[in-house]
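# Summary of the model geometry
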Amino acid sequence: MIKLQDVHKYYRTGDQSLHVLKGIDLHIREGELVSIMGSSGSGKSTLLNILGVLDGYDSGSYLLAGHSVNNLKETEAARLRNKLLGFVFQSFNLLPFKNAAENVALPLYYQGVGRKERNHRAEQFLDMVGLSDRKDFMPNQLSGGQKQRVAIARALVANPKVILADEPTGQLDSQSTEDIVSLLKDIHRRGNTMIIVTHEQDIADQTERQIILKDGVATSSREFPLPQAVTN
Amino acid sequence: MLDGLQEILFTLRQNKLRTVLTAFGVFWGIFMLVLLLGAGRGMQNGIYEDFGSDVLDFIIIWTGDTSVAYRGMAPGRTIRLRLADIEAVKQQVTGIRVISAERFVESGNISYERKNSNSQILGIPDEYFRIKEDVPFNLGRKTNLLDLDESRKVVLVGSAVADRLFGKGEDPVGKYVRVKDVQMKVVGIFYDKGNRGQNSERVLMPLTTMQKIYGGGDITNNIWVRPEKGVDGFELEKKVLEVLKRRHDVAPEDIRGINSFNMAMPAKNVTGLFIGINVFIWFVGLGTLTAGIVGISNIMIITVKERTKEIGIRKALGATPFKIVSTLLLESTLVTGVAGYLGLVFGVGLLELVAFGLRSTGAKLPYFLNPSVDFQAAITAIFLLVGVGILAGLMPALRAAKITPTEAMRAE
């Protein structure tokens, strides 16, 4: 599903150049639940941005669901994100002036799906994350955990190939964290490929495979998935 | 499209006051432009009103006594124009659209039942109506070729004469009046505001009828000429005078013997004046409008700044740069379009109100009549608005398109 080969990324400020990713090799298969770990400054956000087609890289190659992602035009990148990727952010990133259902329907709007169909599917996915009774609520009327559920519904609504979650529980209390993690695992069990970026070991422990980033180089902790019983 | 519009209306509603204030800038720009254009048009109408009901390109030629000795003849000869002169001019001069005789006899008494009017009596050929084509014939008909062929005893009566003889509001068409003791049928009424309305004191009859009743053969008092489109009226005037002066042995420099007046002269001056005024109006109006555009542009830049994060989120979810740019452009076009359209409507409304007020009270402002905005100016303004809307949104929109989702979502 995702194949990175020898990906390098530099940040240039003036005449100084910072080598952030120093040759990342990564292979994530369809249906995997993977976590990316790393301390701050390890290049984990950079890697996530590259995986999410939000940012480019300097050398190497990136294959996403059969599409070569290399020096894409902004329009093409937007299409790929819309079709192939679902994002879950640490700070939820819901549009504050849209209600829950409208937020969920937004990716469909950019796919040109009609209003009726959009609303129908948005409600379906809100129902799936257990918020069917909150579809008319504005984001500021929802708790943190609820907001993240809305964001997860939004990430899923366009049936993406890969779900990228960036510190999805970073702003949540322990109860909500537990709920969200089990929701994510639930979604994974339905066959979705999922990548969770986190710095919390106990969340990483619940994934099938941990990728640890250190000084711009990635190492994979376990090469084969754990038995289901352990992850549960 | 509809969805896009809803998105835009939503964001506009988020900032009602700001939207209204910026829109006001464009509203005011168009409003002032329309008012100025209307006022300019009012002035133009007022001044042209002073020109009477005449077309603006006529040349009139009349004669008198010669004042310069020429070819052995002493000054003081009386020159008389004849219909043969008209034929000669027609043959020798090109570029004439209309040429017409105009003959008058001494003013005489016109009577109907017991009422009398002392009026000037003119004999006219059919071409005359093509000289006076702007004179309205309110009732009945004009004289025609049959009237001329058969020298019928029919007259056209000026509205002032008609009012005096028949009373206001009475239809005199078909009634018989005595014109200098000859019974004649009224076939039409005209209103000529030339000479401050005195031209409506006249009575017109077919030239042939006048010749039969009053004799005089093929004499004509005046010759009227109009140039063809694109022909220089001043050149034409010179050529016609040349022919006439040669035929009558009048010295080329003798302006008493044969004289002329060319309407193109004052018309040219006034037209030049109005071109100047119009240029000035557009300059001021567009200046005001530009201030409005800059306002919108400014606000859009702020809007884009404020919405950086939102734009970033939308991009992460799959909004293409085109989608972002077109949404913002549509937003600015919508604001300018609606505001400008309101400005147009209010401006035209106010002008119509003033025009209505002037008409209904009968108030006469010197050099101001019937202020209005012509269709073409309104269309120009509309196109201007759409262009302006796009222009105002373009810079901020392009800036928004450059926002990368990663840095946008980091912004708080």
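About the thresholds
Residues numbered from 1 in each chain as written. Chains lettered and ligands numbered in written order. Predicted model: local features only at pLDDT ≥ 70, side-chain atom pairs only at ≥ 80, totals over all residues. Heavy atoms only, no water. Helix = DSSP H or I, 4+ residues; strand = E, 2+ residues; numbered from the N terminus. Buried < 20%, exposed > 50% of the residue type's maximum accessible area, 1.4 Å probe, protein only. Contact = heavy atoms within 4.5 Å. Buried area = accessible area lost by both parts, 1.4 Å probe. Salt bridge = Lys/Arg side-chain N within 4 Å of Asp/Glu carboxyl O. Polar contact = N/O pair within 3.5 Å; in protein donor to acceptor, adjacent residues only side chain to side chain. Nonpolar A, V, L, I, M, F, W, Y, C, P; charged D, E, K, R; others polar. pLDDT = per-residue confidence, 0-100. Pairing = 2+ DSSP bridges.

### Description of the environment of A:Pro107
Looking at the secondary structure, you find A:Pro107 in helix H3 (residues 100-110). By relative accessible area, A:Pro107 is classed as buried at 5%. Separated by 24 residues in the primary sequence, A:Pro107 and A:Lys83 have C-alpha atoms spaced 8.9 Å apart. For A:Pro107, the contacting residues outside a window of four places in its chain are A:Asn82, A:Arg154, A:Val157, A:Ala158 and B:Leu317.

### Observations regarding the interface of chain B and chain A
Between chain B and chain A, the residue contacts involve 21 residues of the former and 23 residues of the latter. Across the interface of chain B and chain A, roughly 2,200 Å² is buried in total on both sides, 61% from carbon and sulfur atoms. Three residues stand out in chain B for area buried against chain A, namely B:Asp3, B:Arg314 and B:Leu317, and they jointly supply 26% of the buried area on that side. For the pair chain B and chain A, the number of links is zero salt bridges. Between the two partners, chain B and chain A, sit four residue pairs in polar contact (both at pLDDT 80 or more). Of all the secondary-structure elements, those providing two or more residues to the side of chain B that touches chain A are helix H1 (2-14), helix H10 (308-316), helix H11 (321-361) and helix H13 (405-410) of chain B. Residue classes in the side of chain B that touches chain A are distributed as eight nonpolar, six polar and seven charged.

### Let's talk about the environment of B:Pro125
Counting through the fold element by element, B:Pro125 comes out in the loop between strand S4 (115-124) and helix H4 (128-131). In this structure, the C-alpha to C-alpha distance between B:Pro125 and B:Leu148, residues 23 residues apart in sequence, is 7.3 Å.

### Observations concerning the confidence of the model for chain A
The predicted model of chain A averages 87 in pLDDT, with 95% of residues at 70 or higher. Counting interchain partners and residues more than four positions distant, the pLDDT-below-50 stretch residues 227-232 of chain A has five contacts.

### Brief notes about the pairing of strand S9 (residues 203-206) of chain B
Residues and elements named next belong to chain B. Pairing between S4 and S9: four bridges, direction parallel. Across the sheet, isoleucine 121 pairs through a bridge with valine 203, a residue of S9. Bridge count for strand S6 (residues 154-158) against S9 is two bridges, and the pairing is antiparallel. In the sheet register, leucine 156 faces S9, and the bridge partner there is leucine 204.

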